[in-house]
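Listed below, chain by chain, are the residues.
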Amino acid sequence: MLFTSADALEKDPGSPLKGKILATLFYEPSTRTRLSFESAMLRLGGSVIATENAKEASSAVKGETLEDTIRVVSSYADVVVLRHSEIGTAERAARVSSVPLINAGDGAGQHPTQALLDLYTIKRERGSIDGTRIMMMGDLKHGRTVRSLSYLLAKYEGIEIDFVSQGELGIGSDIKEYLQHNGVSFQEHESFENVLASVDVVYQARIQKERFSSVEEYEKYTGRYILTAANTEIMKPGAVIMHPLPRLDEIATDLDDLPRAAYFRQAKYGVLARMALLKYICS
Ligand code: NCD
């Protein structure tokens, strides 16, 4: 339903949220998530109030609790979008918010609206989500987008997931249990070379530097999973490469102009998916 609405909003957004206010409260850095939410609200005729660097520029500096901040901000807006570095903050905030609260990333926890736009991208790029074989590669332990996408994929039929990671960076046991419980077929691998030719979607996930205890620890995991125009030639016709962005070196820039490079289109679809979500929640 949201995806049909996103398609319709691309053609004619109208002004369904005129008079409504979105508050974005970001305690962690963001480019796409915050700006695409704000763009989505403005495109729907609504308005935005924002604290882009809430860690330093909100009363958190004075020692105010997240709960108190949310109680107040939710009385200023019709919907609140929150990003925070700690797992579970969105849930804590939602308990005290007087308006709908959207989790825009809670540390290494979840990033549900990214998963929504990722699914919308698969639908737009491939026509259907059912029957997709997807490889997710990189930092699957801290990559909240991979975690949320795994949950949402389990709602579709015939999904196969290949998780590719090194050492400690494997997908969490909570996700594996969820997939097992929901009958989703998945495998874990250490290298991508043997899997690449069989999948419909490659989902690259950045090694999340900010979640490691030291630079040395982080550097142990860099440089292994790099996609280039040459090593992706074996991909199936019509198979696509996705990435929530920002990318570092895990996708070489020589891939950018190939039709299978879907990551910038994915970022663009993010506005439409978030427009559909905001319209659903606020009208
Ligand atoms: C992701 C995030 O913040 O979790 N980015 C995004 O929202 N587009 C992925 C990342 O930071 O690697």
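This structure is a prediction, so every number in the text was calculated from the model and none was measured.

A. Broad picture of the packing of helix α6 (residues 112–126) against helix α10 (residues 263–282). Relative to each other, α6 and α10 sit at 115°, their axes nearing to 8 Å. For the element pair α6 / α10, the angle class is roughly perpendicular. In this structure, α6 meets α10 at a crossing whose hand is right-handed. Packed against α6, whose contacting residues are T113, Q114, L116, L117, D118, Y120, T121, R124 and E125, the element α10 presents R265, Q266, Y269, G270, L272, A273, R274 and L277 at the interface.

B. Examining the site of the ligand more closely. What surrounds the ligand is the set T33, R83, H111, Q114, R144, T145, R206, Q208, P244, L245 and P246. T33 is positioned with one of its side-chain polar atoms (N or O) 3.0 Å from an oxygen atom of the ligand. In isolation the ligand exposes 310 Å². Once the protein is present, 94% of that is buried. Among the residues making up the shell around the ligand, the classes are represented as three nonpolar, five polar and three charged.

C. Molecular detail of a nonpolar patch on the surface. Taken together, the side chains of I49, V72 and Y76 define a hydrophobic patch exposed on the protein surface, amounting to about 270 Å² of accessible area. Mapped onto the fold, V72 is located in helix α4 (residues 66–73). A residue is classified by how much of its surface remains accessible, and V72, at 37% relative accessible area, is partly exposed.

D. The arrangement of the domain arrangement of the protein in detail. You can read the domains of the protein as domain 1 (2–109 + 270–282) and domain 2 (112–267). Put simply, the middle of domain 1 and the middle of domain 2, counted by C-alpha atoms, are 25 Å apart. On the domain 2 side, the residues contacting the 24 residues of domain 1 number 21 residues. Between domain 1 and domain 2 the total buried area reaches about 1,700 Å² when both faces are included, carbon and sulfur atoms providing 55% of it. Considering only the surface of domain 1 that becomes buried against domain 2, F3, R32 and A108 emerge as the three largest contributors, covering 36% of it. Summed over the shared surface of domain 1 and domain 2, the number is four salt bridges. Note that E28 is salt-bridged to R144, the shortest N-O span being 3.0 Å. There are 11 residue pairs in polar contact (both at pLDDT 80 or more) connecting domain 1 and domain 2. Listed by contribution, the elements that provide at least two residues to the side of domain 1 that touches domain 2 are α1 (2–11), α2 (32–43), β3 (79–84), β4 (101–106) and α10. Take the side of domain 1 that touches domain 2: its biggest share by element is six residues, from α10.

E. Representation of the packing of aromatic side chains within the structure. One pass over the full model with this rule turns up eight aromatic pairs. With a centroid separation of 6.3 Å and 75° between ring planes, the pair formed by F192 and Y225 is classed as edge-to-face. Of this pair, F192 sits in the loop between β7 (185–189) and β8 (201–205) while Y225 sits in the loop between α9 (215–219) and β9 (240–242); the two residues are 33 residues apart in sequence, bridging distant segments of the chain. One exposure class covers both F192 and Y225, and it is buried.

F. Structural context of the sheet that holds β3. As summarised here, the arrangement of the four strands in space is β2-β1-β3-β4, forming an open sheet in which the pairing is parallel. Pairing within the sheet leaves two strands with one partner each, and these edge strands are β2 (47–51) and β4. The sheet shows a mean angle of 15° between the axes of neighbouring strands, taken without regard to direction. In terms of strand pairing, strand β1 (residues 21–26) meets β2 through five bridges, oriented parallel. Note on β2: the bridge partner recorded for T24 is A50.

G. Expanded view of the pattern of salt bridges. In this structure the tally under the stated criterion is 19 salt bridges. Between E67 and R92 there is a salt bridge whose closest N-O contact spans 2.9 Å. With E67 in helix α4 and R92 in helix α5 (residues 89–96), this residue pair connects regions lying 25 residues apart in the sequence. Look at R92 and you get partly exposed, because its relative accessible area is 29%. Across the pair D200 and R126 runs a salt bridge, and its minimum N-O distance is 3.5 Å. A residue pair is termed long-range when its members are at least 10 positions apart, and D200 in the loop between β7 and β8 and R126 in helix α6 qualify at 74 residues.

Cut-offs and rules
- Residues numbered from 1 in each chain as written.
- Predicted model: local features only at pLDDT ≥ 70, side-chain atom pairs only at ≥ 80, totals over all residues.
- Heavy atoms only, no water.
- Axes fitted to C-alpha atoms, helices over the stretch in contact; angles between N-to-C directions.
- Helix = DSSP H or I, 4+ residues; strand = E, 2+ residues; numbered from the N terminus.
- Parallel < 35°, antiparallel > 145°, perpendicular 65-115°, else oblique.
- Left-handed = near helix turned anticlockwise from the far one by under 90°.
- Contact = heavy atoms within 4.5 Å.
- Near = heavy atom within 4 Å.
- Polar contact = N/O pair within 3.5 Å; in protein donor to acceptor, adjacent residues only side chain to side chain.
- Areas by Shrake-Rupley, 256 points an atom, 1.4 Å probe, with all protein chains shown as cover.
- Nonpolar A, V, L, I, M, F, W, Y, C, P; charged D, E, K, R; others polar.
- Patch = residues over 30% accessible without salt bridge, like charges linked within 9 Å, V, L, I, M, F, W, Y side chains within 5 Å.
- Salt bridge = Lys/Arg side-chain N within 4 Å of Asp/Glu carboxyl O.
- Buried < 20%, exposed > 50% of the residue type's maximum accessible area, 1.4 Å probe, protein only.
- Domains from an automatic or database assignment.
- Buried area = accessible area lost by both parts, 1.4 Å probe.
- Phe/Tyr/Trp six-rings, centres within 6.5 Å; stacked < 30°, edge-to-face > 60°.
- Pairing = 2+ DSSP bridges.

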